[in-house]
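# An overview of the molecular structure
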Amino acid sequence: MTLDLRIFTEPQQGASYDTQLAVAQATEQLGFSAFFRSDHYLAMGGDGLPGPTDSWTTLAGIARETSTVRLGTLVSSATFRLPGILAIQVAQVDQMSGGRVELGLGTGWFAAEHAAYGIPFPDKRFGLLEEQLEILTGLWGTPVGETFDFAGEHYTLTDSPALPKPAQAQIPLIVGGGGPKRTPRIAARFATEYNQSFPEIDAIGPRIQVIEKALADAGRASDSLTQSVALVLAVGKDEAEFTRRADAIGREPAELREHGIAGTVSEAVDRLASLRDQGVERVYLQVLDQQDLDHLELVAREIAPQL
């Protein structure tokens, strides 16, 4: 099995649209399958200059300036947008890209960004997520000419024309999280991909087993859900280059080696091969220094061909 490698960025830490576009275009040119970005409005350490960029506004622009690379969020927050509006946004960007969009959706967790921009942040958010997934799939799946209605605890939709439709017959939906029961259940019900973001390496295999049991309980085949992980990337052609890249993102080399795809090329290949052996099919490489496009080129030239 060939391991699918994707590039994943954190623009809230400080990246203009032009910077993100350069990374996305390099992602496409170097043969990675997708460019993904986080969906946050506040930096987590640092000044975040020039300031936050909206994920779906950004992806709409990138959709028109790329042609093959897939585009998505890891993950959008259910607190940021009403589900009907999100359905329109995602469907429109899918049309603008010619059917290359994927949606990662989660409950949201970063209270400070909600406070900073006046976004409500209820204590209990799992119900919001579940209803949003019901509404998104319901709106997109309603035949043209028919209407969609929904009456839930959090949202009510009446006589929605359920337009526009995405270019794809089904928008891939990514669900993640570490909950023992509700998250596996919701992934088995709605998701095309289950993502583990920055897990402990030795916890990845057991978590996949939990998700596969939830799939079996729901009557789904295990191969109907893609298993993915997101891990920080810091690789060098030699120890000196790796250390320089670790310094550039303010991380300790030993810590990166423990928790990420890090070290020399051979170390990165070994870690990725080990993940594949545990059942991981797709890896999102978290690129924290978006100015360092040589980093992506090294992975594409030296690492990807070995996987």
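Structure's up top.
Predicted model, so just to flag it, every value in this text is computed and none were measured. (Residues numbered from 1 in each chain as written. Predicted model: local features only at pLDDT ≥ 70, side-chain atom pairs only at ≥ 80, totals over all residues. Heavy atoms only, no water.)

Here the focus is a nonpolar patch on the surface. Where nonpolar side chains cluster on the molecular surface, the patch consists of Leu82, Ile85 and Ile88 and spans about 270 Å² of accessible area. Tracing the backbone through its elements, the reader meets Ile85 in helix α3 (residues 83–97). (Patch = residues over 30% accessible without salt bridge, like charges linked within 9 Å, V, L, I, M, F, W, Y side chains within 5 Å. Areas by Shrake-Rupley, 256 points an atom, 1.4 Å probe, with all protein chains shown as cover. Salt bridge = Lys/Arg side-chain N within 4 Å of Asp/Glu carboxyl O. Helix = DSSP H or I, 4+ residues; strand = E, 2+ residues; numbered from the N terminus.)

With that settled, the discussion passes to the packing of helix α2 (residues 55–64) against α3. Remark: α2 packs on α3, axes separated minimally by 8 Å, with the N-to-C direction vectors making an angle of 15°. Judged on the interaxial angle alone, α3 and α2 are roughly parallel. For the element pair α2 and α3, the recorded crossing hand is left-handed. On the side of α2, the interface is formed by Trp56, Leu59, Ala60, Ala63 and Arg64, while α3 contributes Leu86, Val90, Val93, Met96 and Ser97. (Axes fitted to C-alpha atoms, helices over the stretch in contact; angles between N-to-C directions. Parallel < 35°, antiparallel > 145°, perpendicular 65-115°, else oblique. Left-handed = near helix turned anticlockwise from the far one by under 90°. Contact = heavy atoms within 4.5 Å.)

Counting buried positions along strand β9 (residues 226–236) yields eleven of eleven residues, so the element is predominantly enclosed. Summarising the sheet, strand β8 (residues 193–197) and β9 pair through five bridges and their orientation is parallel. Residue pairing for β9: Gln196 is matched across the bridge by Val229. Two elements, β9 and strand β11 (residues 282–287), share five bridges in a ladder whose sense is parallel. Bridging across to β11, Ala230 finds its partner in Tyr284. Sheet topology places β9 next to strand β10 (residues 261–264); four bridges connect them, and they run parallel. Looking at the pairing, Gly236 lines up with Thr264 of β10. (Buried < 20%, exposed > 50% of the residue type's maximum accessible area, 1.4 Å probe, protein only. Pairing = 2+ DSSP bridges.)

Let us look at the environment of Pro166. Within the secondary structure, Pro166 is located in the loop between β6 (156–160) and β7 (173–176). The buried category is assigned to Pro166, whose relative accessible area is 13%. When the C-alpha atoms of Pro166 and Trp140 are compared, they prove to be 7.1 Å apart, with 26 residues separating the residues in sequence. In contact with Pro166, not counting residues within four places along its chain, are Ala91, Asp94, Trp140 and Ile171.

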